[in-house]
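# Remarks on the overall topology
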Amino acid sequence: MQPPPSPTGDQTGQQAGQRLGQGELEKLLAPVALYPDDLVAQILTASTYPIEVVEAARWASEHPDVHGDALQDAMQQQSWDPSVKGLTAVPQVLTMMNDKLDWTQQLGEAFLAQPDDVSNAIQQLRAKASATGNLRSSKEIKVSSVAAPPPPAPVGPPPPGVDPAMLPPPPPDDYITIEPTDPGMYYVPIYDPGMVYGPWAWPAYAPFYWYPPGYVLGAAVIGFGVGFFVGSALWAHYNWHGGGVSINVFRYNQFNRTNLVAGRGGFANWQFNAAHRGTVGFQNAALRQQFGGPNNNFHGALQGRPLTTNANVNANINRNVNVDRNVNVNRNVNVDRTVNVDRNVNVNRDVNVNRNVNVNRNVNTNFKPSGNFKPAGSVAHNVGRPAPGGKHH
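Definitions and limits used
- Residues numbered from 1 in each chain as written.
- Predicted model: local features only at pLDDT ≥ 70, side-chain atom pairs only at ≥ 80, totals over all residues.
- Heavy atoms only, no water.
- Core = buried A, V, L, I, M, F, W, Y, C linked by side-chain atoms within 4.5 Å.
- Buried < 20%, exposed > 50% of the residue type's maximum accessible area, 1.4 Å probe, protein only.
- Helix = DSSP H or I, 4+ residues; strand = E, 2+ residues; numbered from the N terminus.
- Contact = heavy atoms within 4.5 Å.
- Phe/Tyr/Trp six-rings, centres within 6.5 Å; stacked < 30°, edge-to-face > 60°.
- Lys NZ or Arg CZ within 6 Å of the ring centre and 35° of its normal.
- Pairing = 2+ DSSP bridges.
- Axes fitted to C-alpha atoms, helices over the stretch in contact; angles between N-to-C directions.
- pLDDT = per-residue confidence, 0-100.

This part covers the nonpolar core. Membership of the largest hydrophobic core comes to 81 residues, with the highest contact counts inside it found for Tyr 35, Leu 39 and Tyr 197. A total of six residues in this core trace back to one element, the largest contributor, which is helix α2 (residues 37–46). Tyr 35 has contacts with Val 40, Ile 43, Val 93, Met 96, Arg 126, Ile 178, Val 188, Pro 189 and Tyr 191, leaving out every residue within four places of it along the chain. Residues Ile 190, Tyr 211, Tyr 215 and Leu 217 belong to the second largest nonpolar core, which totals five residues.

Okay, the environment of Leu 125 next. Among the structural elements, Leu 125 can be located in helix α8 (residues 115–131). Note on Leu 125: relative accessible area 0%, which makes it buried. With 98 residues separating them in the primary sequence, Leu 125 and Lys 27 have C-alpha atoms 9.9 Å apart. Not counting residues within four places of it along the chain, the set of residues in contact with Leu 125 comprises Glu 26, Leu 29, Ala 30, Ala 33, Tyr 197 and Trp 200.

Under the counting rule described, the total for this entry stands at twelve aromatic pairs. On the basis of an interplanar angle of 45 degrees and a centroid distance of 5.8 Å, the ring pair of Tyr 209 and Tyr 211 is categorised as tilted. According to the relative accessible area criterion, Tyr 209 is buried, its value standing at 10%. Taking the relative accessible area as the measure of exposure, Tyr 211 reaches 15% and is therefore buried. Connected via pairs of aromatic rings, a cluster forms that spans Tyr 49, Phe 272, Phe 282 and Phe 291. When the ring centre of Phe 208 is taken as origin, the NZ or CZ atom of Lys 100, which lies over that ring, is 5.0 Å away. The ring of Phe 282 has Arg 277 sitting right over it, with the charged end atom 4.0 Å from the ring centre.

Now for helix α1 (residues 22–29). Burial analysis of α1 places seven of its eight residues in the buried class, the great majority of the element. The complete set of buried residues in α1 reads Gln 22, Gly 23, Glu 24, Leu 25, Glu 26, Leu 28 and Leu 29. Each element contacted by the buried residues of α1 is listed here: α2, α7 (101–113) and α8.

In spatial order, the strands read β5-β6-β7; together these three strands make up an open sheet with antiparallel pairing. Because the sheet does not close on itself, it has two edges, and the strands there are β5 (236–239) and β7 (267–269). Strand-to-strand twist in this sheet, taken as the mean axis angle between neighbours without regard to direction, amounts to 45 degrees. Strand direction decides the pairing type here: β5 and strand β6 (residues 244–248), joined by four bridges, are antiparallel. Note on β6: the bridge partner recorded for His 237 is Ser 246. Along the sheet, helix α10 (residues 249–256) makes contact with β6 and β7, crossing β6 at roughly 60 degrees.

Below, the discussion takes up the confidence of the model for the protein chain. Interpreting fine coordinate detail is not advised for predicted regions of low pLDDT. Taken residue by residue, the protein chain gives an average pLDDT of 77. The fraction at 70 or more is 69%. Low confidence marks residues 1–16, where pLDDT is under 50. Its contacts with residues over four positions away, or in another chain, come to 25 contacts. The model gives residues 303–393 a pLDDT under 50, and that stretch makes 102 contacts with residues more than four places away or in other chains.

Moving on to the environment of Gly 278. Along the chain, Gly 278 falls in the loop between β7 and α11 (285–291). Along the primary structure Gly 278 and Pro 50 are separated by 228 residues, whereas in three dimensions their C-alpha atoms are 8.8 Å apart.

Below is the structure:
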């Protein structure tokens, strides 16, 4: 059977409102499936808010020396979703998500529409990397295996004439977990998906290979760059036993300075907040029906025009700036100027006390440009596949 053509434009399963098969899901998840569990969980939640990811990536590029408590202080001033705020502690990830905007949106929609399939696809990819001997514990990460419960029904062979790439990923035999060796210090794995998983099973769905600017490749199939001290910034938790992504309430409250109430075991359920999605609609028809919003093109909304200033992004993000326009209501105070009619009555001179109403003219001082609209350069990088060789950090 001939492999199906590479899905582009309106041919993608998401745009057609269909469920993605294993081929497309593994294509989307291959670049991050070998990241530590909690980092993967927070990437998935943050990817549902692509415009805020763009702004956070640019903020991080402009504030490279803000860490620890200072980063927590700075994030209290931002209106982004908490999952996006937390990723500012790992700017390398935000840079990739900003560079690959279409992928970020597609990943978020897949996670919202098919959370269980996304979880299974991650585990299938980890099993492939483990089988090749490329995924193992190191001084940066700890790799473990936990028995998975038996599936509700045995998975049989694919029906005749059906492309296996279009079927959902099967549940794993075992859950492979990845944790940082130091819970507070995260090293982001850097690898070529075309190599680390062995021969790629879905030629029509090839994943991209991204590595941070300045990274020097070495002989290791999985390399690591600099470490990131995250503290409590990564509060998302991947519950592989069918619970999806949950919230570590202690970390969440510590980083966001909130009072979220913990549920069983100190965790709470993560929920999507459509208000943080801004003007970006869903390409997936089922998600449009569930959450509403236009069927607009994300590539056209962000990449189709030059994003050379923060104003271009903030126009969609900082929608609260328009609240200041309500100050125009105070212009009605000028109605009191008719009190001057009484000047013709010399006896009632005390009426001139009402002239103080003109003090309200100072309300016009609110009509000043927002500080958000300042020039800022784009940090996006289009990175191609490098030649092998060199050293890794």
